[in-house]
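A look at the structure
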Amino acid sequence: MNEEIIRFGVSMPKSLLERFDEAIKRRGFAKRSEAIRYLIMKFIYEEEHIKEDEEGIGILIVVYDHKEKNIEDRIVDLQHEYLNEIRANLHIHINKRKCSEIIILRGKVSDIKYFAKKLTSIKGILYDNLIILH
Ligand code: NI
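Now for a quick tour of the structure. (Residues numbered from 1 in each chain as written. Predicted model: local features only at pLDDT ≥ 70, side-chain atom pairs only at ≥ 80, totals over all residues.)

1. So, the sheet that holds strand 4 (residues 125–133)
If you trace the four strands from one edge of the open sheet to the other, you get 2-3-1-4, paired in antiparallel fashion. Edge positions in the sheet fall to strand 2 (86–93) and strand 4, since each of these pairs with one other strand and no more. Across the sheet, the mean angle separating the axes of adjacent strands is 15° when strand polarity is ignored. Relative to strand 3 (residues 98–108), strand 1 (residues 55–65) runs antiparallel, the two being bridged by 11 bridges. By the bridge assignment, isoleucine 59 is partnered in strand 3 with isoleucine 104. (Pairing = 2+ DSSP bridges. Helix = DSSP H or I, 4+ residues; strand = E, 2+ residues; numbered from the N terminus. Axes fitted to C-alpha atoms, helices over the stretch in contact; angles between N-to-C directions.)

Listed below in structure tokens is the structure:
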């Protein structure tokens, strides 16, 4: 396929771009464009193949600062609102300050996404990643 290649500009803070360049080097991408194409294809796959009203499995990974006031209570309280969806929960103490929670859910994809949105908006969450399987 001889498709036209489009160039476009992206604005971002310098420090973010430097971290991205280091990360893509570690992952073995030859060029920045190659890494961006990979990320875009992954994003499109998820958007096109995972329908909101279908049943799916969600794997939500969060890393948080456990010294943040009330954070553990807030994470647990939210999970108690999703008793039917939450199937398993794994807690890992990463270091003195950071903890990780891996939550497995089963239910409507839109409910899984909504739960993830609410949980990741809690103050003190440092990283999150939601993987949906179906
Ligand atoms: Ni912990």
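2. Notes on the nonpolar core
Ranked by size, the top nonpolar core spans 11 residues in total: Leu60, Val62, Tyr64, Ile75, Cys99, Ile103, Leu105, Ile112, Phe115, Ala116 and Leu119. Sorting the residues of this core by element identifies strand 1, strand 3 and helix 4 (109–120) as the ones contributing at least two each. At four residues, helix 4 tops the list of elements feeding residues into this core. Dropping the residues within four chain positions of it, phenylalanine 115 is found in contact with Tyr82, Glu85 and Leu105. (Core = buried A, V, L, I, M, F, W, Y, C linked by C-beta atoms within 7 Å. Buried ≥ 20, exposed ≤ 12 C-beta atoms within 10 Å, placed from the backbone. Contact = placed C-beta atoms within 7 Å.)

3. A short note on helix 4
Taking 1.5 Å of rise per residue, 12 residues should cover 16 Å, and helix 4 covers 16 Å from first to last C-alpha, within 8% of that figure. On its buried side, helix 4 packs onto strand 1, helix 3 (71–80), strand 3 and strand 4. (Expected span 1.5 Å × (residues − 1).)

4. Focus on the pairing of strand 2
The element strand 2 is largely exposed, with a buried count of zero among its eight residues. In the sheet, strand 2 pairs with strand 3 via seven bridges, with the strands oriented antiparallel. Note on strand 3: the bridge partner recorded for asparagine 89 is isoleucine 103. Between strand 2 and strand 3, which pair antiparallel one after the other, the connecting turn spans four residues.

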